[in-house]
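As a plain string of letters, each chain reads:
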Amino acid sequence: MPISEPADQECSLADLPLGVAATVVGVDAAFASQLAAHGLRDGSPISIDDDAPFGGPRIVRLGAARVALARSVTRTVRVRVGIAQTEAAAEEATP
Amino acid sequence: VSAVEVTELTCRAPAVEATLPAVEPAPSGRRPVVAIVGRPNVGKSTFLAQASGRYAETANLPGTTVGVSAREIRIHGREAMLVDLPGIFTLEDRSDGLPPFWQLLLEAHPDAVLVIADAGDLARHLPLALACRDLGLPIALAANLTDEAAERGIELDVGRLSQLLGAPVHPTVGRRGIGVQAAVADAVRLAADRARGGRHAARRAGPATPYRPDLVRRVAGLARELATPAGTAALEPALGRAVASGLCPPRRAATLASAATLEPERWRVAQRWAAQVVRERAVPARLADRLARKVTSPWPGLPLFAAVVLGSLGATMLIGSLLSAVLSGAWGALVSPVLTSAVRAVIPVHALAAATLWAFDSGLLAMLSVGIPFILSFYVILAVLEDSGYLAATAVLTDRVFNALGLPGRAALPILAATGCNVPAIYGTRVLDSRRERVLASFLIVLTPCSARSAVVIAALAPFAGWGVALGAFGVVALVAVGAGVAANALVPGHQSPLILELPPLRRPVARQVAAKAWFRFRSFVRTATPVMLAGSFVLGLAYETGAIVPLEAAIGPTIGWLLGLPAVAGIALVLAFLRKELALQLLLVLAIAEYGAGASSLGAFLSPGQLFVYAVVTAVSIPCAATLATLADELGWRTAATITAGVLGVALVAGGVVARVVGVA
């Protein structure tokens, strides 16, 4: 998958700093189907909008939507810093 | 579904409001049925209210009957049924104890599906439309919230989308009714065509599949397998039954069984299509969107949360006390005297007449002076918070704190509301996902002293032991409640699921929707609580007036004395307080005067400050009042209501016993 930025910065969604654009690269099976229903899937562009107080949920931006995820849930998601080229854009680029 | 949005979980559905009533034969033999499907927060209920001109709530709440309601509409001279379904993310979603969503959908026997999507977030809404289409049902798409999308600089190529989807697409603005009639009419037309042309017409004309050929082949292969008698053995039980009963033809069952492979493909297709039909231009962020970010951040989110909570409770109490005073004044002046003389004239037996008055005078007055002022006004405020999308923000802010009690952050509001009145607070637990969460929250709510119980604590302690002691009693009660909550979390089987919650955008609530929602819930409360209040008042009144209470006093006297160090009359007053908490003190005085004579007209005359402290703590914690018990039973069933009541009573007696020993009265 072509990446627009250096690709080696992979981390857990729990550790992704605020406001940094990233791409989902792996979701543990535990919450995979629930997260997928919200559009959090392999390849989804993702970023962190905010953190709730007292170690509360992280507020994740997925496209137009904002989804609050408990910290324990964010630990099950791996992300890579940088935005992967979307599949649609890739398809349009290839004639 | 463990993370259905707060705003969708607004209220229990009216238990199958109309189960597709028998209709007079239409040309096809029955009215065409249109099912309405959409993700939560897409403005579905507003859309429906516009489409049918009537308000009804639907939600997929745990522990209630299937949340499906149907209503008849007449549009462009055509009669049809609109079937209203809970908001969902995928067809496979299911709530506690309910069948999967696809089963709810198919059991309504829809002829067409009207999918409501967010025009501003098409890539995440189209997969559901594709899934519905894959069931072999004709679909129409309402690209709703186009006004919000336009404000975000998003425009749709509706013609192109319609082409891709092979279905009519209507841009709509549900709250203003724009495009709603056209979308519904189109869906009804599709449904009527299918109902007339038989089940197979629509599929033949169905659009070409956008999926990868290997996936399509795999699903087709599975469908062939399922057509054989042995093929269904490997299916999950619900799907197997659906195939056996004919609800799911093999092709449909194959689609549902292949959800795990089809869903990612649907999302890919949706993303591709969205890229083709969405035109986006850069515009400054909407005020509502900027605000939405602010309300969930620690600053200014937390102070704002405190202000909203205090404001809500303050407004409820203020409006409540005002209305309560007016209503009970009017009742006392106008109804009570007439009722009293009428009952005494009709019923010659004194005790029976008095008990009847307990029921119809005091009982109805309690409903009137608590129900309308406090509960209705709280419902209005709750509906405003829900519809504005703010309730979800409170869930995020307080999530971590409430996790310790086995509850998600959403429980904050109902539990805080309990300090006003327990009854609306218990209904408020409908914003919670699972039955476990609702039971735990209800337990905490019943432990929380409502305003009436708080008044007893203050009135019993402040004059005789001082304000400091009264505050101390509240401290003890809070400790007891938190301790009991932590214990209950450990004891009740199951785990709390971690928060996964899509935050709704902030929206200005629609007055009509708020009023309808509040009224709908209030009606449900009145229906449940009134009979219990009347019957409870009558029985207690009869026991009191006939002196049947004396043996009870003899029975519980020694226990109360040993455990709590209180005289027997105090025990009786506690029992009678079941009817109305705020009467706990008046009842105690009445009983004490009857027992000890006029010298006992002051609490301080027959109870020491220590005893008063114990009495106040036990009253503040103890058993729920009749209205609360009725609400618990209505919401969670009698067994759970009885368990919670017993649990709370146990906690109150143990806490009272401990306090009595600490202050040295027992």
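The model shown is predicted, which means the values in this text are computed figures rather than measured ones.

Enquirer: What am I meant to see in the sheet that holds strand β5 (residues 65–69) of chain A here?
Expert: As a general point, the strands of a sheet are linked pairwise by backbone hydrogen bonds and lie either parallel or antiparallel. As summarised here, the arrangement of the seven strands in space is β1(A)-β6(A)-β2(A)-β3(A)-β4(A)-β5(A)-β9(B), forming an open sheet in which the pairing is antiparallel. Two strands bound the open sheet, and with one partner strand each, they are β1 (10–12) of chain A together with β9 (500–503) of chain B. In this sheet, neighbouring strand axes are inclined to one another by 40° on average, regardless of whether the strands run parallel or antiparallel. For strand β2 (residues 22–27) of chain A and strand β6 (residues 77–81) of chain A, the ladder comprises five bridges, and the chain directions are antiparallel. Each residue of the ladder has a partner; that of Ala22(A), found in β6(A), is Val81(A). The strands that helix α12 (residues 287–296) of chain B touches are β3 (45–51), β4 (58–62) and β5 of chain A together with β9 of chain B; relative to β5(A), the one it contacts most, it runs at about 10°.

Enquirer: So what exactly am I meant to see when it comes to the interface of chain A and chain B here?
Expert: The accessible area lost on association of the parts is a frequent measure of interface size. In this complex, chain A contributes 32 residues to the contact, which on the side of chain B involves 34 residues. Summed over both sides, the interface between chain A and chain B buries roughly 2700 Å², with carbon and sulfur atoms accounting for 60% of that surface. When the buried surface of chain A facing chain B is broken down by residue, His38(A), Arg41(A) and Arg66(A) rank first, second and third, together holding 22% of it. Among the ionic pairs, Asp50(A) bridges to Arg293(B), the shortest N-O distance being 4.0 Å. For the pair chain A and chain B, the interface holds nine residue pairs in polar contact (both at pLDDT 80 or more). When contributions to the side of chain A that touches chain B are tallied by element, the ones reaching two or more residues are α1 (29–37), β3, β4, β5, α2 (71–74) and α3 (87–93) of chain A. For the side of chain A that touches chain B, a count of residues per class yields 18 nonpolar, six polar and eight charged.

Enquirer: Explain the packing of aromatic side chains here, please?
Expert: When we look at a pair of aromatic rings, we describe it by the centre distance and by the angle of the planes. Residue and element names in this part refer to chain B. As enumerated under the stated definition, the model contains one aromatic pair over all chains in all. Taking the centre distance of 5.8 Å and the plane angle of 40° together, the rings of tryptophan 519 and phenylalanine 522 count as tilted. Here phenylalanine 522 and tryptophan 519 lie together in helix α21 (residues 511–546), a separation of three residues that amounts to about one turn. The class of phenylalanine 522 is buried, set by a relative accessible area of 6%.

Enquirer: Please explain unusual backbone geometry as it appears in this structure.
Expert: Generally, phi is negative for residues other than glycine and the peptide bonds are trans, each holding for most cases. In this chain, Trp299(B) is followed by Pro300(B) through a cis amide linkage whose omega measures 5°. The topology assignment puts Pro300(B) in helix α13 (residues 298–346). One non-glycine residue with positive phi stands out, namely Phe54(A), at about 60°. Of note, Phe54(A) is situated in the loop between β3 and β4. Residue Phe54(A) is classed as exposed on the basis of its relative accessible area of 53%. Backbone geometry at His109(B) places phi at a positive 50°, although glycine is not the residue there.

The rules we used
- All residue numbers refer to position in the chain's written sequence, counted from 1.
- Each chain takes a letter, starting from A, and each ligand takes a number, starting from 1, following the order in which they are written.
- Local features in this predicted model are restricted to residues of pLDDT 70 or higher, and side-chain atom pairs are both shown and tallied only at a pLDDT of 80 or more, whereas totals for entire chains, interfaces and linings draw on every residue.
- To get the side-chain values, all heavy atoms of the structure are used, and hydrogens and water are removed first.
- Strand pairing follows a simple DSSP-based rule, namely that at least 2 bridges must link the two strands.
- Numbering of helices and strands runs from the N terminus, with a helix taken as a DSSP run of H or I at least four residues long and a strand as a DSSP run of E at least two residues long.
- Angles here are taken between N-to-C directions and fall from 0 to 180 degrees, while the axes themselves are lines fitted to C-alpha atoms, restricted in helices to the stretch in contact.
- Whether two residues touch is decided by their heavy atoms; if any such pair falls within 4.5 Å, the residues are in contact.
- Accessible-area loss on putting two parts together, using a 1.4 Å probe and summing over both, is the definition of buried area adopted here.
- When a carboxyl oxygen of Asp or Glu lies within 4 Å of a side-chain nitrogen of Lys or Arg, that pair is called a salt bridge.
- Side-chain atoms alone can form a polar contact between residues adjacent in sequence; in general such a contact is a pair of N or O atoms within 3.5 Å, and within protein one must be able to donate a hydrogen while the other accepts it.
- Gly is put with the polar residues, along with every residue not named as nonpolar or charged; the nonpolar set is Ala, Val, Leu, Ile, Met, Phe, Trp, Tyr, Cys and Pro, and the charged set is Asp, Glu, Lys and Arg.
- Ring pairs are drawn from Phe, Tyr and Trp, using the six-membered ring of Trp, whenever the two centres fall within 6.5 Å, and their geometry is named by plane angle: stacked under 30 degrees, edge-to-face over 60, tilted for the rest.
- Summary of the burial criterion: residues with accessible area below 20% of their type's maximum are buried, those above 50% are exposed, and those between are partly exposed, where the area comes from a 1.4 Å probe applied to protein chains only.

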